[in-house]
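A closer look at the structure
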Amino acid sequence: MDEIDGKVIELFVNEPRLGVLEASRRLGIARGTVQARLDKLVAAGVITGWGPDLSPEAIGYPVTAFLTLEIRQGSATAGGHDAVAAHLAAIPEVLEAYTITGAGDMWARVVARSNADLQRVIDLVLTDPGIDRSTTVIALATQIDYRVVPLARASVTS
């Protein structure tokens, strides 16, 4: 990525509904250059989507928790990480999941309508026979929202 890519990314992150023509005016570069840069960034997998970002809190899910899951090892019936991931993907309150190193095997970020509802979500997660146990941590406040623009800025080469 070069400086122009960085400026294009930052502009569209800050104003995702901005048109290519207006972006070219603001950046002082040709419309075709902006479109070509966007196409290149999408093809390279740098830009992964254009949809709206949603707030779980605003749609009724103010509780965020992180589940560390221990996956049953060595059991053909359990299905391993992929089977557990498929199970988690079917639960709407599971926002993301990662295979991890350390004390657990998988980490999932979940949301719930309340602390009592969080218990329902955890119970639903634990219905998978491939999960032996979970440890839950409830988030009290968001200190830094998910972000990538500072990383993109840092990766720009002149």
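Anyway, here's the lowdown on the structure attached to this text. This is a predicted model, so every value here is computed, not measured.

A tally of helices and strands in the protein chain yields six helices and four strands. For the protein chain, the N- to C-terminal ordering of α and β elements is α-α-α-β-α-β-β-α-β-α. Expected size for 158 residues packed as a compact globule is a radius of gyration near 15 Å; at 20 Å, the protein chain overshoots this value by more than 25%. The principal-axis extents of the C-alpha atoms in the protein chain amount to approximately 55 × 35 × 25 Å. The burial tally for the protein chain puts 29% of its 158 residues in the buried class. Residue pairs in contact within the protein chain that sit at least 24 positions apart in sequence constitute 62% of those at least 6 positions apart. For the protein chain, the distance from the average position of its 14 positive side-chain charges to the average position of its 19 negative side-chain charges is 8 Å.

Strands belonging to one sheet form pairs held by backbone hydrogen bonds; the direction of such a pair is parallel or antiparallel. Read from one edge to the other, the open sheet built from four strands follows the order S2-S3-S1-S4, with strand pairing classed as antiparallel. Unpaired on one side and paired on the other, strand S2 (94-99) and strand S4 (131-138) mark the two borders of the sheet. Averaged over all adjacent pairs, the angle separating strand axes in this sheet is 20 degrees, with direction ignored. Direction of pairing for strand S1 (residues 63-71) relative to strand S3 (residues 106-112): antiparallel, over a ladder of seven bridges. If you follow Ala 65 over to S3, its bridge partner there is Val 110.

By secondary structure assignment, the location of Val 34 is in helix H3 (residues 31-43). In this structure Val 34 comes out as buried when scored by relative accessible area, which is 0%. For the pair formed by Val 34 and Asp 5, sequence separation is 29 residues and the distance between their alpha carbons is 8.7 Å. For Val 34, the contacting residues outside a window of four places in its chain are Phe 12, Val 20, Ala 23, Ser 24, Leu 27 and Ile 29.

Definitions and limits used
Residues numbered from 1 in each chain as written. Predicted model: local features only at pLDDT ≥ 70, side-chain atom pairs only at ≥ 80, totals over all residues. Heavy atoms only, no water. Helix = DSSP H or I, 4+ residues; strand = E, 2+ residues; numbered from the N terminus. Rg over C-alpha atoms; globule rule 2.2 N^0.38 Å. Buried < 20%, exposed > 50% of the residue type's maximum accessible area, 1.4 Å probe, protein only. Contact = heavy atoms within 4.5 Å. Lys, Arg positive; Asp, Glu negative; His and termini not counted. Charge placed at Lys NZ, Arg CZ, Asp CG, Glu CD. Pairing = 2+ DSSP bridges. Axes fitted to C-alpha atoms, helices over the stretch in contact; angles between N-to-C directions.

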